[in-house]
Amino acid sequence: MNIISYVVSVVKYSPVELDKFSNMFTRQNVDVKGTVENGYEKVKEVFENNFKNGEELSAQVCVYKKGEKVVDLWASSLSPSYSGDTVQTIWSSTKNLTALAMAMMVDKGLLAYSDLVAQHWPEFGQNGKQEITIADVLRHEGGLPFFSKQMDIEDSWPENISKNGVGSIIEEEEPSFPANNTRREYHAITRGFVLQEVFRRVEPTGRSIGQFLKEQVFEPLDVDVFIGMDENRQKEMNIADVEMLADKDVEDAARKAAREDVLKQLNKFRTYVGETEGKRPDHKEAWKNTGAGGMGWWNGVPARRAEIPSAGGLASARGLAAVANMMALGGKVGEKTFLKPNGWKEMHAHTTEGDTFGMKTFYTQGGVNHYQDGCQSMEDVPNLGEGGILQYGQLVPKGMYGWGGYGGSLFLWDP
């Protein structure tokens, strides 16, 4: 049983410190901290080499095997305060957490993956959405890859979720499916909001996804993982801000380091206009009043307070790895059962093939990807996705479950 959680964060600093980004792709000396068990020294070597080659700025990696932590490393070329306890936005790795919350509802008999969304949320069943199932939404086949109306971030603060501000927007939406004979189109932001509305309607005490996971999973496992973090906790935690670099910055650094491989991938990416972890160019910002948009908004107190169950999770690699460990062990850690065997089995069942970001994906009815297009050994040559772009799905070892996120986070388990 191998469990991997890998979190990469580009950390935001003052203008003087931002000059250090010009060292991307050039050799750097870093102090890799943490521990590896005997037999896993190679992981530390590879992790350290990523920094030496200028391919990381700040990162953590944590791995469990058969219930034991065997790798717990972190390093930063930018910040001495970055540690194994630092949390950062994990983007779409949050989707695994939301899938777990839904699986726990299925496990309790409160819903089934084959249920129509409208069975639990009647107001959803209008404007052509009547036949959409829970599994459709989890597989990114719900016809709601974006919302036509922008949201207010305050509506996703825990105290406001039950007021149905987001729910009322979703209720009025009409589904839109791709024109390529497939229903699958990545629901980057929207999937979690649809599931949130279903979840709070079936959860017996009306808890939100973030509240439920905090009390039923994160606190029992004693991990720093959050979907929605209150303002006081934000002041207490070591949170790494994120910064999106312009492709011109990447190009300049790659040219300086003579990295033709990076330049080739960058040129391919520039011509790609399909779905991404964020939004298509023709989509509006998901929220009102984001200013100029971009990463700065996500680093703000209002966004971190909000429950954004598809993208807004905050976590450390060791926190995610502890959750992944539980999943790899079949839903149980010690005497604590989070998912009974049938609930775990249902979450990982009924895989269907489709395309996401130009790569093959194999989503289960429970909303996690079963990686089947990756390498079986380190010697294998990875497949390439659409347009010759190497996607991370082709790098994840074949047979693992989970998903990853924008910025480099990976949240995977191998039962």
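> Help me understand the sheet that holds strand β5 (residues 87-89), please; the structure alone is not making it clear to me.
Sheets are built from strands paired through backbone hydrogen bonds, the pairs being either parallel or antiparallel. The strand order across the open sheet formed by 4 strands is β6-β8-β5-β7, and the pairing between neighbours is mixed. In this open sheet, the two edge strands, each paired with only one partner strand, are β6 (225-226) and β7 (239-240). The pairing of β5 with strand β8 (residues 314-315) spans 2 bridges and is antiparallel. Bridge pairing links Thr89 to Leu314 in β8.

> For this particular structure, what's the right way to read the packing of aromatic side chains?
Both the distance between ring centres and the angle between the ring planes are used here to describe each pair of aromatic rings. By the definition in use, this model includes 15 aromatic pairs. The interplanar angle of 75° and the centroid separation of 6.2 Å between the aromatic rings of Phe193 and Trp287 together place this pair among those described as edge-to-face. One end of the pair, Phe193, is in helix α7 (residues 190-202); the other, Trp287, is in the loop between α11 (260-270) and α12 (295-298), with 94 residues separating them in the sequence. With a relative accessible area of 4%, Trp287 lands in the buried category. Pairwise contacts between aromatic rings join Trp91, Phe193, Trp287, Trp297, Trp298 and Tyr406 into one cluster. A cation sits over an aromatic face here: Lys129 above Phe124, 5.1 Å from the ring centre.

> Please clarify how the pattern of salt bridges should be interpreted in this entry.
Where charged atoms from two side chains of opposite charge come close, those side chains can pair. Taken as a whole and judged by the stated rule, the model has 24 salt bridges. Notably, a salt bridge pairs Arg270 with Glu251, separated by 2.9 Å at the nearest N-O pair. Remark: Glu251 occurs in helix α10 (residues 247-256) and Arg270 occurs in helix α11; sequence separation between them is 19 residues. On the basis of relative accessibility, which here comes to 35%, the residue Arg270 falls in the partly exposed class.

> When you look at a nonpolar patch on the surface in this model, what are you seeing that I'm missing?
Together, Leu384, Leu390 and Leu395 line one region of the surface with nonpolar side chains, adding up to about 270 Å² of accessible area. On the secondary structure map, Leu384 appears in the loop between β13 (369-370) and β14 (401-405).

> For this particular structure, what's the right way to read the nonpolar core?
Here is a general trend for soluble globular proteins: nonpolar side chains tend to be buried in one another's company. Residues Leu97, Leu100, Ile170, Phe193, Leu213 and Trp287 are the most contacted members of the largest nonpolar core, which totals 74 residues. Sequence-distant contacts of Leu100, defined by excluding residues within four places in its chain, comprise Leu213, Val217, Val323, Met326, Met327, Leu339 and Met347. By size, the runner-up hydrophobic cluster in this structure holds 13 residues, among which are Tyr272, Phe357, Val396 and Trp403.

> Help me out: how do you make sense of α10 in this one?
Since the α-helix advances by 3.6 residues per turn, residues separated by three or four positions end up pointing in the same direction. For α10, every residue scored as buried is listed here: Val250, Glu251, Ala253 and Ala254. Of the residues one or two after α10, Ala258 is the one with positive phi, at around 55°.

> I keep staring at unusual backbone geometry and nothing clicks. Help me out?
Among all residues except glycine, the phi angle is most often negative; among peptide bonds, the trans geometry is most common. With a phi close to 50°, Lys66 is a non-glycine residue in the positive phi region. Inspection of the secondary structure assignment puts Lys66 in the loop between β3 (58-65) and β4 (68-76). Among the residues examined, Lys66 registers a relative accessible area of 60% and is labelled exposed. A positive phi is found at Asn289, a non-glycine position, where the angle reads about 55°. Tracing the backbone shows Asn289 in the loop between α11 and α12. On the basis of relative accessibility, which here comes to 74%, the residue Asn289 falls in the exposed class.

> How should I be thinking about the environment of Gln234 in this particular structure?
Relative to the helices and strands, Gln234 resides in helix α9 (residues 231-236). Expressed as a C-alpha distance, the spacing of Gln234 and Pro341, which sit 107 residues apart in the sequence, is 36 Å. The residues contacting Gln234, other than those within four sequence positions of it, are Met229, Ile239, Gly300, Val301, Arg304 and Arg305. Only 2.9 Å separates the side chain of Gln234 from the backbone oxygen of Met229, close enough to count as a polar contact.

> Just checking my understanding: could you explain the environment of Leu390 for this structure?
As for its position among the elements, Leu390 is in the loop between β13 and β14. The partly exposed category is assigned to Leu390, whose relative accessible area is 34%. Linking Leu390 and Gln216, residues 174 residues apart in sequence, is a C-alpha distance of 38 Å. When near neighbours in sequence (up to four residues on either side) are disregarded, Leu390 contacts Gln265, Pro382, Asn383, Leu384 and Leu395.

> Where do I start with the packing of α10 against α11 in this structure?
For any two helices packed against each other, one specifies the crossing angle of their axes together with the interaxial distance. The geometry of α10 relative to α11 is characterised by a closest axis approach of 9 Å and an angle of 160° between their N-to-C directions. The angle between α10 and α11 falls in the class roughly antiparallel. The two elements α10 and α11 cross, and the hand of that crossing is left-handed. Every residue of α11 that contacts α10 at Asp247, Lys248, Val250, Glu251, Ala254 and Arg255 is listed here: Val262, Leu263, Leu266 and Arg270. Tallied by class, the residues present in the contact of α10 with α11 amount to 5 nonpolar, no polar and 5 charged.

> Where do I start with the pairing of strand β12 (residues 359-363) in this structure?
In the case of a regular strand, side chains alternate between the two sheet surfaces. Within β12, 4 of the 5 residues are buried, which leaves the element mostly enclosed by the surrounding structure. Bridge count between strand β11 (residues 352-356) and β12: 5 bridges; the pairing is antiparallel. For Thr352, the partnering residue across the bridge sits in β12 and is Tyr363.

> Explanation requested: the pairing of β3 in the structure shown.
Buried residues dominate β3, accounting for 7 of its 8 residues. Inspection of the sheet shows β3 paired to β4 by 8 bridges, in the antiparallel sense. Following the sheet pairing, Lys65 is matched in β4 by Glu68. Two successive antiparallel strands, β3 and β4, enclose a turn made up of 2 residues, where Lys66 displays a positive phi of approximately 50°.

So, how was this worked out
- Residues numbered from 1 in each chain as written.
- Predicted model: local features only at pLDDT ≥ 70, side-chain atom pairs only at ≥ 80, totals over all residues.
- Heavy atoms only, no water.
- Pairing = 2+ DSSP bridges.
- Helix = DSSP H or I, 4+ residues; strand = E, 2+ residues; numbered from the N terminus.
- Phe/Tyr/Trp six-rings, centres within 6.5 Å; stacked < 30°, edge-to-face > 60°.
- Buried < 20%, exposed > 50% of the residue type's maximum accessible area, 1.4 Å probe, protein only.
- Lys NZ or Arg CZ within 6 Å of the ring centre and 35° of its normal.
- Salt bridge = Lys/Arg side-chain N within 4 Å of Asp/Glu carboxyl O.
- Patch = residues over 30% accessible without salt bridge, like charges linked within 9 Å, V, L, I, M, F, W, Y side chains within 5 Å.
- Areas by Shrake-Rupley, 256 points an atom, 1.4 Å probe, with all protein chains shown as cover.
- Core = buried A, V, L, I, M, F, W, Y, C linked by side-chain atoms within 4.5 Å.
- Contact = heavy atoms within 4.5 Å.
- Polar contact = N/O pair within 3.5 Å; in protein donor to acceptor, adjacent residues only side chain to side chain.
- Axes fitted to C-alpha atoms, helices over the stretch in contact; angles between N-to-C directions.
- Parallel < 35°, antiparallel > 145°, perpendicular 65-115°, else oblique.
- Left-handed = near helix turned anticlockwise from the far one by under 90°.
- Nonpolar A, V, L, I, M, F, W, Y, C, P; charged D, E, K, R; others polar.

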